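The residues making up each chain are set out below.
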Protein chains: 2
Amino acid sequence: MSSKASSVLEVMNFLNEVAADYPRAVSFASGRPAETLFRDDLWTRGLPKFLEHYAARLGTDIDFASRQLAQYGRTAGLVNDIIATQLNRDESLNVEPGQIVVTTGCQEAISLCIQALCPSASDIVLVRSPTYIGITGAAHGSRIQLEAIDEPVGVAFSQALEAAIVAAKARGLHPRALYITPDFDNPTGSVLELEERRALLSTCGQHHVVVLEDNPYGMFCYEGIRLPTLFALDSDGVVVYLGTYSKTICPALRVGCAVVPKSLFGSIADSKRLLDDLIRRKSFVTVNTSQFNQALAGGLLLLEDCSLDRFAKEASVYYRRNRDRLISALGRVFSGLGDQLTWNRPRGGFFLTVALPFSFGREHAMECAQDFDVLLMPMSFFTMDGSRLDTVRVAFSNLDPKDVELGVERFSRYVQRRFER
Amino acid sequence: MSSKASSVLEVMNFLNEVAADYPRAVSFASGRPAETLFRDDLWTRGLPKFLEHYAARLGTDIDFASRQLAQYGRTAGLVNDIIATQLNRDESLNVEPGQIVVTTGCQEAISLCIQALCPSASDIVLVRSPTYIGITGAAHGSRIQLEAIDEPVGVAFSQALEAAIVAAKARGLHPRALYITPDFDNPTGSVLELEERRALLSTCGQHHVVVLEDNPYGMFCYEGIRLPTLFALDSDGVVVYLGTYSKTICPALRVGCAVVPKSLFGSIADSKRLLDDLIRRKSFVTVNTSQFNQALAGGLLLLEDCSLDRFAKEASVYYRRNRDRLISALGRVFSGLGDQLTWNRPRGGFFLTVALPFSFGREHAMECAQDFDVLLMPMSFFTMDGSRLDTVRVAFSNLDPKDVELGVERFSRYVQRRFER
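Analysis parameters
Residues numbered from 1 in each chain as written. Chains lettered and ligands numbered in written order. Predicted model: local features only at pLDDT ≥ 70, side-chain atom pairs only at ≥ 80, totals over all residues. Heavy atoms only, no water. Helix = DSSP H or I, 4+ residues; strand = E, 2+ residues; numbered from the N terminus. Rg over C-alpha atoms; globule rule 2.2 N^0.38 Å. Buried < 20%, exposed > 50% of the residue type's maximum accessible area, 1.4 Å probe, protein only. Contact = heavy atoms within 4.5 Å. Areas by Shrake-Rupley, 256 points an atom, 1.4 Å probe, with all protein chains shown as cover. Lys, Arg positive; Asp, Glu negative; His and termini not counted. Charge placed at Lys NZ, Arg CZ, Asp CG, Glu CD. Pairing = 2+ DSSP bridges. Right-handed = clockwise from strand over helix to strand, strands pointing away. Least-squares fit on C-alpha atoms with pLDDT ≥ 70 in both. Axes fitted to C-alpha atoms, helices over the stretch in contact; angles between N-to-C directions. Parallel < 35°, antiparallel > 145°, perpendicular 65-115°, else oblique. Left-handed = near helix turned anticlockwise from the far one by under 90°. Nonpolar A, V, L, I, M, F, W, Y, C, P; charged D, E, K, R; others polar. Phe/Tyr/Trp six-rings, centres within 6.5 Å; stacked < 30°, edge-to-face > 60°. Lys NZ or Arg CZ within 6 Å of the ring centre and 35° of its normal. pLDDT = per-residue confidence, 0-100. Salt bridge = Lys/Arg side-chain N within 4 Å of Asp/Glu carboxyl O. Disulfide = S-S within 2.5 Å. Expected span 1.5 Å × (residues − 1). Polar contact = N/O pair within 3.5 Å; in protein donor to acceptor, adjacent residues only side chain to side chain.

### Here's the deal with the overall build of chain A
In terms of helices and strands, chain A carries 14 helices and 13 strands. Relative to the compact-globule value of 22 Å for 421 residues, chain A shows a C-alpha radius of gyration of 22 Å, a close match. Seen through its principal axes, chain A has C-alpha atoms that stretch 70 × 55 × 35 Å. Residue burial in chain A is summarised as follows: out of 421 residues, 63% are buried. Once local pairs closer than 6 in sequence are excluded, the contacts in chain A between residues at least 24 apart make up 76%. In the form shown here, chain A has an accessible surface area of approximately 15,300 Å², with 50% of it arising from carbon and sulfur atoms. Distance between charge centres in chain A, computed from 44 positive and 49 negative side chains, equals 2 Å.

### A short note on unusual backbone geometry
All names here are of chain A. The omega torsion across Ser 129 and Pro 130 is 5°, close enough to zero to call that bond cis. For Ser 92, which is not glycine, the phi torsion reads 55° and is therefore positive. Summarising the element assignment, Ser 92 is placed in the loop between helix H4 (80–91) and strand S2 (100–104). Notably, Cys 306 is not glycine yet its phi reads approximately 60°, a positive angle. Looking at the secondary structure, you find Cys 306 in the loop between helix H11 (291–303) and helix H12 (309–334).

### A word on the sheet that holds strand S9 (residues 342–343) of chain B
Residues and elements named next belong to chain B. In spatial order, the strands read S9-S10-S13-S12; together these four strands make up an open sheet with antiparallel pairing. Looking at the sheet topology across the chains shown, the edges are occupied by S9 and strand S12 (377–378). Of the pairings in the sheet, the one linking S12 to strand S13 (residues 391–395) comprises two bridges and is antiparallel in character. Looking across to S13, one finds that Pro 378 is bridged to Val 392.

### Considering the pairing of strand S6 (residues 210–214) of chain B
All names here are of chain B. The element S6 is extensively covered by neighbouring structure, given that five of its five residues are classed as buried. Neither face of S6 is exposed, since Val 210, Leu 212 and Asp 214 on one face and Val 211 and Glu 213 on the opposite face are all buried. The sheet contact formed by strand S5 (residues 174–180) and S6 spans four bridges and is parallel. Pairing of Tyr 179 across the sheet is with Leu 212, part of S6. Between S5 and its parallel partner S6, the chain crosses via helix H8 (residues 194–207), and the hand of that crossover is right-handed. One ladder, built from four bridges, connects S6 with strand S7 (residues 239–244); its direction is parallel. Among the inter-strand pairings, Asp 214 is bridged to a residue of S7, identified as Leu 242.

### Overview of the relation of the copies chain B and chain A
Once chain B is rotated about the relating axis by 180° and shifted along it by 0.0 Å, it coincides with chain A to within an RMSD of 0.0 Å. Here the symmetry operator amounts to a two-fold rotation axis. Both copies share a contact surface, since 100% of the interface residues of chain B are interface residues in chain A too.

### Some remarks on the environment of Leu 161 of chain B
Residue and element names in this part refer to chain B. Here Leu 161 is to be found in helix H7 (residues 157–170). Judged by its relative accessible area of 0%, Leu 161 falls in the buried class. When near neighbours in sequence (up to four residues on either side) are disregarded, Leu 161 contacts Leu 126, Ile 149, Leu 178, Leu 200, Thr 203 and Cys 204.

### A look at the sheet that holds S5 of chain B
All names here are of chain B. With respect to topology, seven strands assemble into an open sheet ordered S2-S8-S7-S6-S5-S3-S4, the strand pairing being mixed. Bordering the open sheet on either side are strand S2 (100–104) and strand S4 (145–148), each of which pairs with just one other strand. Ignoring which end each strand starts from, the neighbouring axes of this sheet average 25° apart. Where strand S3 (residues 123–127) and S5 come together, five bridges link them in parallel fashion. Across the sheet, the residue bridging to Leu 126 is Leu 178, located in S5. On top of the sheet, helix H5 (residues 105–117) reaches S2, S3, S5, S6, S7 and strand S8 (255–259); it is set at about 120° to S2, its chief contact. Seen against the sheet, H7 touches S3 and S5 and runs at an angle of roughly 150° to S5.

### Describing the pairing of strand S8 (residues 255–259) of chain A
Residue and element names in this part refer to chain A. In terms of burial, S8 is a largely internal element, five of the five residues being buried. Covered by surrounding structure in S8 are Val 255, Cys 257 and Val 259 together with Gly 256 and Ala 258, the residues of both alternating faces. Looking at chain direction, S2 and S8 are connected through five bridges and run antiparallel. The residue of S8 that forms the bridge with Thr 103 is Gly 256. The pairing of strand S7 (residues 239–244) with S8 spans four bridges and is antiparallel. Paired with Thr 244 across the bridge in S8 is Gly 256.

### As for the packing of helix H5 (residues 105–117) of chain A against helix H10 (residues 268–285) of chain A
Residue and element names in this part refer to chain A. Between H5 and H10, the least distance of the axes is 9 Å, while the angle of their chain directions is 120°. The pairing of H5 with H10 is recorded here as oblique in orientation. Pair H5 / H10 crosses with right-handed handedness. Between H5 and H10, the contacting residues are Glu 108, Leu 112, Cys 113, Gln 115, Ala 116 and Leu 117 on the first element and Leu 274, Asp 277, Leu 278, Arg 281, Lys 282 and Val 285 on the second. Split into classes, the residues belonging to the contact of H5 with H10 amount to seven nonpolar, one polar and four charged.

### Quick look at the packing of aromatic side chains
To describe a pair of aromatic rings, one takes the distance between the centres and the angle between the planes. Residues and elements named next belong to chain A. If you walk through the whole model with that rule in mind, you get 38 aromatic pairs over all chains. Linked through ring pairs, Phe 334, Trp 343, Phe 358, Phe 360, Phe 372, Phe 411, Tyr 414 and Phe 419 together constitute an aromatic cluster. If you follow Arg 128 out to its NZ or CZ, it ends over the ring of Phe 157, 4.5 Å from the centre.

### Regarding the confidence of the model for chain A
The predicted coordinates of low-pLDDT regions are not to be read in fine detail. For chain A, the mean per-residue pLDDT works out to 95, and 99% of the residues sit at or above 70. Here the complex is predicted with pTM 0.97, and the ipTM for its interfaces comes to 0.96.

### Side note on the side chain of Arg 254 of chain B
Within the secondary structure layout, Arg 254 of chain B lies in the loop between S7 and S8. Of the side chains with opposite charge, Glu 108 of chain B comes closest to the buried, unpaired Arg 254 of chain B, at an N-O distance of 8.9 Å. Here Arg 254 of chain B is in contact with Tyr 72, Thr 286, Val 287, Asn 288 and Ser 290 of chain A together with Thr 103, Thr 104, Gly 105, Ser 246 and Thr 289 of chain B, once residues within four sequence places are set aside.

### Focus: the state of the cysteines
All chains considered together, the criterion is met by zero disulfides over all chains. Of the cysteine sulfurs around Cys 257 of chain A, a residue in no disulfide, the closest is that of Cys 106 of chain A, at 7.6 Å. Cys 204 of chain B takes part in no disulfide bond, and the closest cysteine sulfur, belonging to Cys 118 of chain B, lies 13 Å away.

### Some points on helix H11 (residues 291–303) of chain B
Residue and element names in this part refer to chain B. Taking 1.5 Å of rise per residue, 13 residues should cover 18 Å, and H11 covers 18 Å from first to last C-alpha, within 8% of that figure. Among the 13 residues that make up H11, 11 are buried, leaving the element largely enclosed by the rest of the structure. Of all the residues in H11, the buried ones are Gln 291, Phe 292, Asn 293, Gln 294, Ala 295, Leu 296, Ala 297, Gly 298, Gly 299, Leu 300 and Leu 301. Taking the backbone nitrogen of Phe 292 as reference, a side-chain oxygen 3.2 Å away marks Ser 290 as the first, capping residue of H11. A positive backbone phi angle near 55° is found at Asp 305, which sits one or two residues after H11.

### Focus on the packing of H12 of chain A against helix H14 (residues 403–420) of chain A
Residue and element names in this part refer to chain A. Remark: H12 packs on H14, axes separated minimally by 9 Å, with the N-to-C direction vectors making an angle of 35°. In terms of crossing hand, the pair formed by H12 and H14 is right-handed. Taking contact as the criterion, the partners of Asn 322, Arg 325, Leu 326, Ala 329, Leu 330, Arg 332, Val 333 and Phe 334 in H12 are, on H14, Val 404, Glu 405, Val 408, Glu 409, Phe 411, Ser 412 and Val 415. Looking at the contact of H12 with H14 residue by residue, the classes come out as nine nonpolar, two polar and four charged.

Below you can see the structure in the form of structure tokens.
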């Protein structure tokens, strides 16, 4: 645990403190959504829209409804029906409101799910490495062991997963869940292909490993066809879907959700038990998700006919342009280096990765910040063992488009210095 | 743990499901604040007020500030300075903004504190019995052991506490925290007197037991002089103060806080370590408290010159009237029974307790609901061992004043039936 814990601290420290120390820096560090895309009518139009809906639901006037809204509320949530419709329209998920727990951001959903699924000390969660820092932190906070899936080049993901499950079992551990972001993963930007999705579901179904499918970036698709989510492909009750409105509406909402399958590995009773356990655990931490925030999210969804598709398409134009500028700038600046520096071309999401011909850890990131006014995150911050020292994560979502070239320029001067050493 | 866990479930089930099954019932079950007291200008005046303040703080225009507000934010909080001022003005707490973590309701603060203070399996939290169900739930959710303090009649609280600490240590356990609501306790309505407060601080200081002082009701004082909080009396760095705006503004805000002492048992470094640990743990569960909600709370406080005193005085008129009507009705209806039925006269808060000459458990509460359309909570729901079967908790906060007499009337008919059995 200690190396993982320290890596969580490192990321947090880097994002909060290092970034604050270099306010003039061009930051490729933060994967925040772009503020320019935020709606400015949440209060002026979203809230009244929801209050109207809520008053009709209660059969009261608006004043009564708004006072009820300001109260405590059902732990499972207030806008589950609206979320179910949105997930149906935007993600083709066949979901009933009763399958949903509305959470205080997706992070709470992650934390509740692993706690509910891993009650014993020998229960573990499987993750890819590198992985999203939120699962690492949640596991650390709940003292739940994570196990990285070893993915040798050329081996299919489901095979690597199968091997990880078998190896863990041989050591007396019980893999209860797999945490994964199949679409435009943070930090790698990668996509799990359709056949791998099917194979993953089969493997997890066989071993009764619950898949925690985190999907913050799925709607930000820049090329090709969106693949169906694991939840949509799942016919065996393997997948718990984790949703968030932080990227599609805004982070200050702190509204996310967990969606349990209709039957968990074929058992309706087990699914109900999991849902009840999530709700109970949530009541011990946050009581219920702020009804104000649920009303803002719900109202905006009602204004948009329960679909974020129109917004996501607009936002994708913005983010895709940043990605394209980034890729062009990288090509232009590093063209003389042949294949010493390589990068991927993410089909969506907020992140791109650059592989370097030298190691790039915390001290190098600090050097970039201090001497070149550009912030990047070492990929080793996100791995379970501090490996991947030759790679950086380049976030392009929360960046003024005109700063992309400048940032790449600055980074290239740092690369130049490294070559000269 | 199992009996405690089941009692948490019982309370939740009773509040959520039983209450929903009897919508026409007069409910003395819920300790929610009265909706009629909620402000209706949080959005129209509070939010603009905070945005103005925030823009000035950032040195930007309102539009920029409102987009920043919609982002993720500092895990420790956005309105710590405003909260510090309010705690200073309303509670005479000498607090710096840097001592505060803003939490998603006080429940999150409770949960984070016990996790941070009890990392080992032998670390326990001491509680009174009966106690607030939120600490029982939080401990259950985090698999932390609670130990009830045995309080024999006639023994001073600090002596009972000392005995509990010594007994726990003799069993190889480490009491790390005491959870207590000194002012108008939920569920008993009782107040810890000044001398007992001082003695408690001395005992806890001696044994290095952190006091978690929960103070949701302190501002609702109906007679006599408010006593200083434990935090205000503490000169040895013993107390972590837990605050909430759920009762003074409204629950849907989900804004509370934990305030660590300047030095923990004399160590500034230990205090800083505790604060950092709370912040880190919070980031793993809710990332940061919704900046929208912090803005609503902060804006309202700014409108009120950082004091809730005016509001609390108004609200206290309302709640005191309910208490007085309740006490008169109890006196009128049960006057023929001599001292077979007795009740306390809480000096503040939301709860009163009635001692009965017969047992009153879940099945009796159900009978009251079903046959007499009145909801009351058995005190045994709140005890660690299911004892106090002869007492009920009567919440009078969220009740239409005109329903008080009707509810007592209905309950008296139930009591009549019990006597006839």
